[in-house]
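Residues per chain, in single letters:
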2 protein chains.
Amino acid sequence: EQEDIEDGQSLVFADLTPEEMSQVVRYLQGHLGVPLVEASRAKPSDNCIASVDLQVPAKAEVLRFLDGGGARPPREALAVLYFGKQPEPNISEYVVGPLPGPAYHRDVTVQKYGGKVPYHRRPVTGKEYVDINALIQRELKQAPRFLAACCESDGTNLVALTTAPRGFKSGDRVTWFVLFHNVAGTGYYLSPVGLEVLVDHGDLHVSRWKLHKVFYSGRYFASTGDLEQEFVAGALEVVRLKQPQADAVLGSMKPRCPPGSPGPLQFEPQGPRYSVRNNRVTFQGWSIAFGMNPNTGPRLFDIRYRGERIVYELSLQEALALYSSNCPGGMSTRYLDGSFGIGRFAYELIQGLDCPYTATYVDRHYLAETDTPKTNQNSLCIFEHDSALPLRRHFSDSQSFYYGGLRKNTLVIRTISTLINYDYIWDFMFHANGAVEVRVHATGYISSSFFHGRGTDYGNRVGPHTLGTMHLHHIHYKVDLDVDGQLNSLETQDMEYQFVKDPWSTQNTIERPYLRRERLEKEDEAAFPLNVPMPRYLSFVSPNPNKWEHPRSYRIQIISFAGKHLPTNSSMERAVSWGRYQLAVTRRKEEEPTSTSVYNQNDPWTPTVAFADFINNETITNEDLVAWITVGFLHVPHAEDIPNTVTVGNGVGFFLRPYNYFNEDPSVDSSDSVYFSSE
Amino acid sequence: EQEDIEDGQSLVFADLTPEEMSQVVRYLQGHLGVPLVEASRAKPSDNCIASVDLQVPAKAEVLRFLDGGGARPPREALAVLYFGKQPEPNISEYVVGPLPGPAYHRDVTVQKYGGKVPYHRRPVTGKEYVDINALIQRELKQAPRFLAACCESDGTNLVALTTAPRGFKSGDRVTWFVLFHNVAGTGYYLSPVGLEVLVDHGDLHVSRWKLHKVFYSGRYFASTGDLEQEFVAGALEVVRLKQPQADAVLGSMKPRCPPGSPGPLQFEPQGPRYSVRNNRVTFQGWSIAFGMNPNTGPRLFDIRYRGERIVYELSLQEALALYSSNCPGGMSTRYLDGSFGIGRFAYELIQGLDCPYTATYVDRHYLAETDTPKTNQNSLCIFEHDSALPLRRHFSDSQSFYYGGLRKNTLVIRTISTLINYDYIWDFMFHANGAVEVRVHATGYISSSFFHGRGTDYGNRVGPHTLGTMHLHHIHYKVDLDVDGQLNSLETQDMEYQFVKDPWSTQNTIERPYLRRERLEKEDEAAFPLNVPMPRYLSFVSPNPNKWEHPRSYRIQIISFAGKHLPTNSSMERAVSWGRYQLAVTRRKEEEPTSTSVYNQNDPWTPTVAFADFINNETITNEDLVAWITVGFLHVPHAEDIPNTVTVGNGVGFFLRPYNYFNEDPSVDSSDSVYFSSE
Ligand SMILES: [Ca+2]
Ligand SMILES: [Ca+2]
Ligand SMILES: [Ca+2]
Ligand SMILES: [Ca+2]
Ligand SMILES: [Cu+2]
Ligand SMILES: [Cu+2]
């Protein structure tokens with residue numbers, strides 16, 4: 001029984017503790033030989049620690065430890081540094097170890113990326129946004145009469161929302177900021193005032209940053225002064241917006257009626273049936289090591305069922321939100337959320353709403369843009385859920401009267417990331433039949449543009465002056481299935497019809513379905529374009545048969561409503577080239593740990609990681625394989641996205657289902673089984 | 001508030017009461033002027049009452065009553081009679097009314113079907129199966145030594161499973177029966193012995209029925225006597241099967257370990273928040289009239305949200321299970337479950353497993369193949385479910401700190417049909433955002449063939465001698481949406497990219513998505529083939545705009561993993577031609593109430609109703625429209641289908657989602673809303 005696995009094993013995947021993070025920071029401060037400024041205060045021309053996270057040990061090393069009785073891999077951290085104060089400013093990545101008492105650091109930048117990483121690719125820090133805001137505020141001072149007219153504002157009650165990417169070619173760091181009326185206690189994302197500004201913040205010296213362009217409701221200006229002049233000259237049509245009031249503002253979530261009687265609640269008569277120790281959950285044969293990467297978010301390792309590893313790594317890679325609009329900010333926006341921080345923006349979960357009251361809530365710790373670890377309390381939850389559906393059942397009144405069945409109780413591991421306006425609910429679910437279900441729901445506020453002109457070519461109007469801008473949510477996962485060992489192949493199965501004479505009279509024709517099985521030999525065959533129907537069954541197969549002589553397999557089943565992928569002739573397409581495929585199966589490489597990079601957002605024109613390069617027609621039979629899965633949906637916001645996008649219908653994901661992996665459904669052994677008969 | 005609607009209104013859709021059924025039976029017995037034999041005893045050469053169900057009044061009449069203050073439509077029944085004892089044996093359908101004291105009957109057969117319905121199209125009754133079984137048992141007596149060898153049997157412990165259709169041309173009634181070891185208390189469907197027999201039971205005189213053909217493990221024989229001879233001559237290879245023992249048999253659901261601690265349960269601190277009166281459920285603005293058709297199963301009417309009708313009728317139409325095999329029974333099987341009885345085989349639901357303990361359980365009554373109504377106790381359940389997911393939420397730490405959200409509590413109406421071996425779980429779900437979710441899960445036993453030869457071309461081996469035969473489950477729904485009135489049009493929306501110069505510098509290219517809206521004018525454009533990608537958004541639109549000037553609409557979103565539809569050159573394809581389309585939108589016709597007929601199963605070569613004929617390119621703008629939706633999945637049984645197919649990953653369905661129907665998400669008015677902020 002997996003419950004017996006020595007707990008310490010899964011610690012090899014454990015996120016860094018706050019103490020470990022602090023040790024790494026102190027080590028770096030003492031051993032890099034360069035001055036380091038705290039990231040929250042660092043100017044672009046300073047050096048700072050951007051982040052410290054676990055350096056996940058190499059798979060071979062981990063497996064030697066877990067399976068082969070080998071030594072525990074040394075515990076190491078990955079530290080990312082922004083070196084602004086160097087002759088050649090750059091981003092450097094160091095492996096620091098061994099923890100808890102670091103004694104060495106190794107610059108792995110060139111090894112990981114094949115060269116130095118230019119400084120301009122770094123994500124924008126909080127400090128940089130503060131400095132940009134100051135610039136915008138200064139510039140707004142040049143248009144007092146316009147602002148009073150358009151927005152009942154002196155600029156200070158406007159908030160600037162960033163877009164990305166920031167330009168059109170490598171080295172650009174020129175960002176459109178969209179201005180909204182700020183309303184305390186509600187989402188300002190629905191209250192654009194029509195004003196957007198283009199800021200060049202590429203220079204290492206903040207004093208040299210400039211406002212390049214101003215947009216207001218369909219027109220472009222060279223400066224806020226120009227805008228003011230035009231307004232004063234009476235040559236500008238202004239939509240006069242009132243400063244919105246908190247209670248009446250579009251998108252307010254303040255309850256309109258007093259609380260009513262509570263709905264159904266879940267309780268656990270004898271307490272939880274799962275257990276959480278350190279970074280490991282166990283539940284009815286399942287064992288899962290969990291963690292959070294500050295950038296890419298949830299990551300699971302060493303998913304075992306009944307002691308057998310099924311998945312070595314199951315991790316979120318990226319979330320792309322690609323927008324449309326007739327305003328410049330909206331039409332430029334292709335957010336790569338990993339570069340903002342899907343993990344570190346997974347905040348506290350609200351008991352009884354985000355997860356059941358009875359759930360187990362776990363803290364996560366991050367070191368990002370600061371020298372001291374930050375704790376996101378209760379930001380990951382684990383619970384068993386009664387789905388109010390049978391897992392399986394049969395009622396018989398034919399020949400004999402009996403009933404058998406089993407409830408579908410599911411272990412859920414959940415975290416929710418708030419990425420500026422919207423919230424992604426990340427679920428990983430484990431079923432009694434040995435299936436894993438991965439699911440993401442989108443909720444939170446939509447983003448919006450000021451409604452003007454032919455706005456409805458780009459979305460729906462959802463408020464007096466608000467255009468809910470069409471966009472897609474495409475999400476990428478890495479699934480390193482290891483089905484009955486590391487060496488797997490990929491098999492497709494699908495149905496066809498054959499016309500045959502009925503064998504008993506040969507007088508008539510039967511359209512008989514048959515099963516077509518195929519082994520895919522090469523990576524290129526195993527890269528399935530988005531939106532093209534895939535073979536109906538697709539499995540990772542082991543060379544070993546089950547009792548009935550079928551190869552032990554796990555099937556991948558995808559549920560997705562993806563939009564159209566960015567055309568491949570786009571200059572930034574390679575940065576999101578994972579989005580070309582709903583499923584791509586590649587040979588696992590230690591050098592291909594992720595399908596993207598946080599550096600892709602600010603230089604998508606020279607992507608630091610281009611997933612398309614992983615697919616180079618290598619042989620994929622009897623190899624350690626990885627499935628890369630894209631799910632998503634096209635989101636055309638509509639009135640009912642106010643105040644928030646609902647999760648109903650906005651969930652996508654995939655299943656990993658045993659397919660001849662066992663000799664029978666493993667749930668037959670469940671102590672939850674119910675059976676009775678008339679005998 | 002819809003709660004105020006006079007209860008009696010929904011009774012217009014109410015299933016017949018047992019008393020009403022009995023009244024109709026008595027009326028028919030007294031007024032048809034022909035001798036009627038009880039169906040459970042009736043020979044093919046007798047007359048009998050096949051079924052009595054509600055005759056749903058015409059929509060125009062109902063709407064005059066519900067909306068226009070018109071008179072309550074007379075309450076009527078539809079009685080189906082099998083007239084075997086007539087010069088020209090036939091099936092006749094009578095409308096009988098008014099209830100409760102019937103005074104008239106009207107033969108509607110010709111009006112409904114354009115002609116008489118030949119007798120050979122009638123479903124096979126229980127009595128007919130009993131007679132067939134007697135014949136099979138007699139015939140088996142001709143092969144005693146073979147049976148002893150193959151099956152440790154004298155035939156009496158073998159059970160014969162029907163297949164369908166029954167031949168190759170109109171008039172045929174020749175059925176392959178597959179023989180299984182019968183094991184009390186478990187599903188015999190997994191224990192085929194390799195023997196199958198072809199029975200001609202078309203003659204009105206049972207004495208003239210004959211066994212046409214015998215199949216054993218890959219070979220065909222003219223009779224059981226021939227089989228015995230061949231065996232005795234030592235020319236037959238026999239797989240010697242033991243009589244299976246109940247506890248060890250493949251597919252046993254008897255628990256293997258004692259019950260453990262209970263998992264999470266749902267409780268309702270202040271009792272249910274929905275209410276059920278007669279045939280109407282109300283819940284948080286929702287009002288739904290529910291019922292069951294004995295053949296087609298669940299049917300909902302007059303689905304309203306906040307007093308506005310959204311759907312006039314939402315009803316299951318058909319479930320097709322189309323099999324593959326290298327045995328004759330399996331390769332012939334295309335079950336049309338409606339002809340067996342999706343409604344009347346919806347049995348008692350097990351509290352705490354099929355539905356939560358706290359659910360409300362409702363009895364249903366059927367009159368089918370008998371003269372006395374039968375009650376299926378607790379066979380429909382209604383409950384509110386805590387899905388343990390937010391319906392929507394946002395956590396803000398940007399600009400101001402606040403949290404708002406709402407749990408996703410869903411009203412579920414459920415019934416489960418056991419169609420011989422498998423069980424379909426029919427769910428209708430109602431969400432706080434005005435969305436309806438329709439879902440079906442398949443579970444229960446798979447069907448199987450005796451494993452021999454190249455069996456794995458048609459499925460997977462799942463036991464020593466059992467081939468889990470590949471099949472598809474295709475399910476058809478009728479959705480008569482009435483969005484803001486009856487007159488609707490169909491609009492598609494989808495995204496495309498356009499390459500544009502950035503408007504602020506015109507130096508660079510942006511791939512800007514835009515929204516393409518299209519009204520579909522004709523039925524032919526609105527018939528979307530199975531397995532071909534559809535436009536991403538597809539809505540029923542009203543001529544009236546919401547507050548933001550978008551047409552009030554409901555969007556249809558389908559989740560399906562359908563298999564391949566039967567080739568259209570198949571001689572029986574027109575009988576299941578609804579399966580050509582994942583979605584077809586037609587003008588609503590009172591004369592096109594259903595997409596199929598119970599008579600299609602036994603004469604699919606001259607289908608009584610051919611859905612394809614509904615699609616005749618009529619104009620569909622500003623008309624009363626119906627959406628016909630096919631969902632399903634290809635099922636290649638695998639070892640884990642033993643003992644039962646699990647619901648995980650085997651659920652399909654569709655959403656009806658408000659799309660600019662409201663001015664904002666109606667859930668803002670929920671008293672379940674949660675909000676707090678730092679202020
Ligand atoms: Ca490769
Ligand atoms: Ca692998
Ligand atoms: Ca038509
Ligand atoms: Ca309609
Ligand atoms: Cu969205
Ligand atoms: Cu099936």
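Just above, that's the structure.
Here's what I pulled together on the structure shown here. This one's a predicted model, so the numbers in the text were calculated from it and none came from an experiment.

### Describing the state of the cysteines
All names here are of chain B. Taken as a whole and assessed by the stated rule, the structure comprises four disulfides over all chains. One disulfide bridge connects Cys 150 with Cys 151, the sulfur atoms lying 1.9 Å from each other. On the S-S bond that ties Cys 150 to Cys 151, the torsion sits near -85°, and the link is left-handed. Note on cysteine connectivity: Cys 355 is disulfide-linked to Cys 381, with sulfurs 2.1 Å apart. Taking the sign of the torsion about the S-S bond as the criterion, the disulfide between Cys 355 and Cys 381, at about -85°, is left-handed. Residue Cys 355 is located in the loop between α8 (337–340) and β18 (360–368), and its partner Cys 381 is located in strand β19 (residues 374–396); the two are separated by 26 residues in the primary sequence. This pair shows no difference in class: Cys 355 is buried, exactly as Cys 381 is. Once the disulfide-bonded cysteines of chain A are ranked by sequence position, their pairing pattern turns out to be 1-2, 3-4.

### A short note on the coordination of the calcium ion (ligand 3)
Coordination sphere of the calcium ion (ligand 3), protein contribution only: Glu 523 of chain B (OE), Glu 523 of chain B (OE), Phe 614 of chain B (O), Asn 616 of chain B (OD1) and Glu 618 of chain B (OE), at 2.2 to 2.4 Å. The class for Asn 616 of chain B is partly exposed, based on a relative accessible area of 43%.

### Observations concerning the relation of the copies chain B and chain A
Superposing chain B onto chain A requires a rotation of 180° together with a translation of 0.0 Å along the rotation axis, leaving an RMSD of 0.0 Å. Put plainly, the chains are arranged around a two-fold axis. Rotation axis and chain B: the residue whose C-alpha lies nearest the axis is Gln 266 of chain B, separated from it by 2.2 Å. A shared binding surface is used by both copies, with 100% of the interface residues of chain B retained as interface residues in chain A.

### Re the packing of aromatic side chains
Within the structure shown, the criterion is met by 77 aromatic pairs over all chains. With centroids separated by 4.8 Å and ring planes inclined at 80°, the aromatic side chains of Tyr 661 of chain A and Phe 662 of chain A adopt a geometry described as edge-to-face. The residue whose ring lies beneath Arg 122 of chain B is Tyr 119 of chain B, and the NZ or CZ to ring-centre distance is 3.9 Å. Over the aromatic face of Tyr 537 of chain B sits the side chain of Arg 555 of chain B, whose NZ or CZ is 3.6 Å from the ring centroid.

Rules used throughout
Residues numbered from 1 in each chain as written. Chains lettered and ligands numbered in written order. Predicted model: local features only at pLDDT ≥ 70, side-chain atom pairs only at ≥ 80, totals over all residues. Heavy atoms only, no water. Disulfide = S-S within 2.5 Å. Helix = DSSP H or I, 4+ residues; strand = E, 2+ residues; numbered from the N terminus. Buried < 20%, exposed > 50% of the residue type's maximum accessible area, 1.4 Å probe, protein only. Donors = N, O, S within 2.8 Å, 3.2 Å for Na, K, Ca; no water. Least-squares fit on C-alpha atoms with pLDDT ≥ 70 in both. Contact = heavy atoms within 4.5 Å. Phe/Tyr/Trp six-rings, centres within 6.5 Å; stacked < 30°, edge-to-face > 60°. Lys NZ or Arg CZ within 6 Å of the ring centre and 35° of its normal.

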